[in-house]
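Listed below are the residues making up each chain.
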Amino acid sequence: QVQLVESGGGLVQPGGSLRLSCAASGRTFSTNAMAWFRQAPGKEREFVASIMWSGGVKYSEDSVKGRFTISRDNAKNTMYLQMNSLKPEDTAVYYCATLRRVLPSTAAADYEYWGQGTQVTVSS
């Protein structure tokens, strides 16, 4: 089993920044791909960004590319999401996830382990 714990969410004004962290524990595998998803009220969970153990990344093209940066520290079993220039439409619960393979996926259904989520609210 793998346990994932997100932290770093909160309330921020439009244009502000937040840094989310996802700490993995248990039977972790440093070669596994990891990802961030988010879910706004009344909407489906959507892909935000993913990262391979080697550092290869992929972002949701339209919504976050250029504003968000995903990274990971394999020695600490921790993944990060630096979010800049935040907009009200970024408001959502953000989840980290991992799956037991090297290549990531943009489909939530492919991920086997999930954190409990952290709320990000962008509002003035």
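Residues numbered from 1 in each chain as written. Predicted model: local features only at pLDDT ≥ 70, side-chain atom pairs only at ≥ 80, totals over all residues. Heavy atoms only, no water.

(A) Inspection of a nonpolar patch on the surface at higher detail. On the surface, a cluster of nonpolar side chains totalling about 290 Å² of accessible area is made up of Trp53, Val102 and Leu103. Structurally, Val102 can be placed in the loop between β9 (92-98) and β10 (113-114). (Patch = residues over 30% accessible without salt bridge, like charges linked within 9 Å, V, L, I, M, F, W, Y side chains within 5 Å. Areas by Shrake-Rupley, 256 points an atom, 1.4 Å probe, with all protein chains shown as cover. Salt bridge = Lys/Arg side-chain N within 4 Å of Asp/Glu carboxyl O. Helix = DSSP H or I, 4+ residues; strand = E, 2+ residues; numbered from the N terminus.)

(B) Layout of the sheet that holds strand β7 (residues 68-73). Read from one edge of the open sheet, 4 strands run β1-β3-β8-β7, paired in antiparallel fashion. Whereas interior strands pair on both sides, the edge strands pair on one side only; in this sheet they are β1 (2-7) and β7. Averaged over all pairs of adjacent strands, the angle between strand axes in this sheet comes to 15 degrees, irrespective of strand direction. As judged from the 6 bridges shared by strand β3 (residues 18-26) and strand β8 (residues 78-83), these two strands associate in the antiparallel manner. (Pairing = 2+ DSSP bridges. Axes fitted to C-alpha atoms, helices over the stretch in contact; angles between N-to-C directions.)

(C) Just the side chain of Arg38, in detail. In this fold, Arg38 is placed in strand β4 (residues 34-39). Within the local environment of Arg38, its side chain forms a polar contact with the side chain of Glu46, the two groups lying 2.6 Å apart. Among the polar contacts listed, one links the side chain of Arg38 to the side chain of Asp90, at a separation of 2.9 Å. When residues no more than four places from it in sequence are discounted, the contact partners of Arg38 are Glu44, Arg45, Glu46, Val48, Ser63, Val64, Phe68, Glu89, Asp90, Ala92, Val93 and Tyr94. (Polar contact = N/O pair within 3.5 Å; in protein donor to acceptor, adjacent residues only side chain to side chain. Contact = heavy atoms within 4.5 Å.)

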